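In case you want the letters, here they are:
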Amino acid sequence: MDPEVLTRYLPLYGQAALVTLQISLLGTVLALAVGLAGALLRHARTPVLSQLVAAYVEVARNTPLIVQLFFIYFGLPKAGLVLSATTSAVLGLGFLGGAYMTEALRSGLESVGRIQFESATSLGMRPVQVMRRVVVPQALSRCMPALVANVVFLVKETSVVSVVALPDLVFRAKELIGREYNTPEALALLVAFYLLLLLPVSLLGRWLEGRLRHAEFGN
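Residues numbered from 1 in each chain as written. Predicted model: local features only at pLDDT ≥ 70, side-chain atom pairs only at ≥ 80, totals over all residues. Heavy atoms only, no water.

**Q** Give a detailed account of the layout of surface pockets, specifying residues and quantitative values.
**A** Considering only enclosed or pocket space, the largest pocket measures out at about 560 Å³ in volume. Looking at the largest pocket, it is lined by 25 residues, and the ones nearest its centre are T28, L32, L147, V151 and L208. Mapped onto the lining of the largest pocket, the elements with two or more residues apiece are helix 1 (3-44), helix 4 (85-110), helix 6 (127-157) and helix 8 (183-217). A total of nine residues in the lining of the largest pocket trace back to one element, the largest contributor, which is helix 1. For the lining of the largest pocket, the per-class residue count stands at 21 nonpolar, four polar and no charged. (1 Å grid on protein atoms, 1.4 Å probe; cavity = no way out; pocket = protein on both sides within 12 Å on 5 of 7 lines; lining within 4 Å. Points joined across faces, edges and corners; volume = space filled by probe spheres on them. Helix = DSSP H or I, 4+ residues; strand = E, 2+ residues; numbered from the N terminus. Nonpolar A, V, L, I, M, F, W, Y, C, P; charged D, E, K, R; others polar.)

Structure, rendered in structure tokens:
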């Protein structure tokens, strides 16, 4: 492995890592928002909306992200809706991730006993207050491992957004391998930069899980 090549590639991978990080952050925020809305609708068991959310979850989880990206980036323009590569990637991650977040958050909500909702209501709290102050905090602490796993999954799934010509880490690695044939150096940096992105997420998730459990049990 050539140190000179590694040094020369570092700035290029740094730029690509910023693109991957941006897509990951925006996609994760969108996925969490979609997931929370979907989980609340399924938890409430609203007849039509709950069934629509369930159908969305099945469609999103049973189709590859690359197919979803092709549909968004290449298919929607046929209907007159042209989106940039970045927007398409964020929407794709949000669509796929939202389904996984929906199920993770729903399982967390359903793990909180109904009696806690009824007890809080009997104390004069409104349903919205009960959800915000009693149910949701407990649900988050219980489903935090699943949420963190989903975030890690979404960051790894950014490896396919290069199909819409986004200059992310995988795009940069393929470009350099095809142009200069320095495969070991290109792949080594690809692995190293993904580790730099994913390890902090895992550590932060463990810390949040501990904090939320501490808050739930009070000590």
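**Q** Would you mind going over the pattern of salt bridges in detail, with residue names and values included?
**A** Considering all chains together, one arrives at nine salt bridges under this definition. Here E175 ties to R179 by a salt bridge, and the two come within 4.0 Å at their closest N and O atoms. Of this pair, E175 and R179 both sit in helix 7 (residues 169-180), separated by four residues, roughly a single helical turn. Note that E180 is salt-bridged to R179, the shortest N-O span being 3.6 Å. On the accessibility criterion, R179 (48% relative accessible area) is partly exposed. In this structure, a network of salt bridges that share partners links the residues E4, R8, R172, E175, R179 and E180. (Salt bridge = Lys/Arg side-chain N within 4 Å of Asp/Glu carboxyl O. Buried < 20%, exposed > 50% of the residue type's maximum accessible area, 1.4 Å probe, protein only.)

**Q** Quick one: what's the story with helix 7, residue by residue and with numbers?
**A** The terminal C-alpha atoms of helix 7, which comprises 12 residues, lie 16 Å apart, in line with the 16 Å expected from a rise of 1.5 Å per residue. For helix 7, every residue scored as buried is listed here: L169, V170, R172, A173 and L176. End-on view of helix 7: buried residues confined to an arc of 160°, all on one side of the axis. Positive backbone phi, at 65°, marks Y181, one or two positions downstream of helix 7. (Expected span 1.5 Å × (residues − 1). Arc of directions from axis to C-beta.)

**Q** Pulling in residues and values, what's your account of unusual backbone geometry?
**A** Phi is positive for Y181, which is not a glycine, with a value near 65°. Among the structural elements, Y181 can be located in the loop between helix 7 and helix 8.

**Q** I'd like a description of the environment of V130, backed by residues and values.
**A** Here V130 shows up in helix 6. It is 18 Å that separates the C-alpha atoms of V130 and C143, two residues lying 13 residues apart in sequence.

**Q** Give me the lowdown on the packing of helix 1 against helix 6, citing residues and values where you can.
**A** Two elements in contact, helix 1 and helix 6, have axes whose closest approach is 11 Å; the angle formed by their N-to-C orientations is 135°. With respect to helix 6, the element helix 1 is oriented oblique. Considering only the axes of helix 1 and helix 6, their crossing is right-handed. Together, S24, T28, A31, L32 and L40 of helix 1 and M131, L147, V151, L154 and V155 of helix 6 make up the contact between the two elements. Among the residues making up the contact of helix 1 with helix 6, the classes are represented as eight nonpolar, two polar and no charged. (Axes fitted to C-alpha atoms, helices over the stretch in contact; angles between N-to-C directions. Parallel < 35°, antiparallel > 145°, perpendicular 65-115°, else oblique. Left-handed = near helix turned anticlockwise from the far one by under 90°. Contact = heavy atoms within 4.5 Å.)

**Q** Outline the packing of aromatic side chains, supporting the account with residue identities and numerical values.
**A** Following the criterion strictly, the structure yields five aromatic pairs and no others. Each ring, one from Y13 and one from F193, has its centre 5.8 Å from the other, and the planes form 25°; the classification is stacked. Taken together, the positions of Y13 in helix 1 and F193 in helix 8 put the pair 180 residues apart, joining distant regions of the chain. Given a relative accessible area of 0%, Y13 falls into the buried group. Judged by relative accessible area, which is 13%, F193 ranks as buried. (Phe/Tyr/Trp six-rings, centres within 6.5 Å; stacked < 30°, edge-to-face > 60°.)

**Q** Mind laying out the packing of helix 1 against helix 7, listing which residues take part and the relevant values?
**A** At a closest axis distance of 8 Å, the pairing of helix 1 and helix 7 adopts a crossing angle of 150°. In terms of orientation, helix 1 lies roughly antiparallel with respect to helix 7. Facing helix 1, whose interface residues are R8, Y9, L12, Y13, A16, A17 and T20, helix 7 presents L169, R172, A173, L176 and E180. Among the residues forming the contact of helix 1 with helix 7, the class breakdown is eight nonpolar, one polar and three charged.

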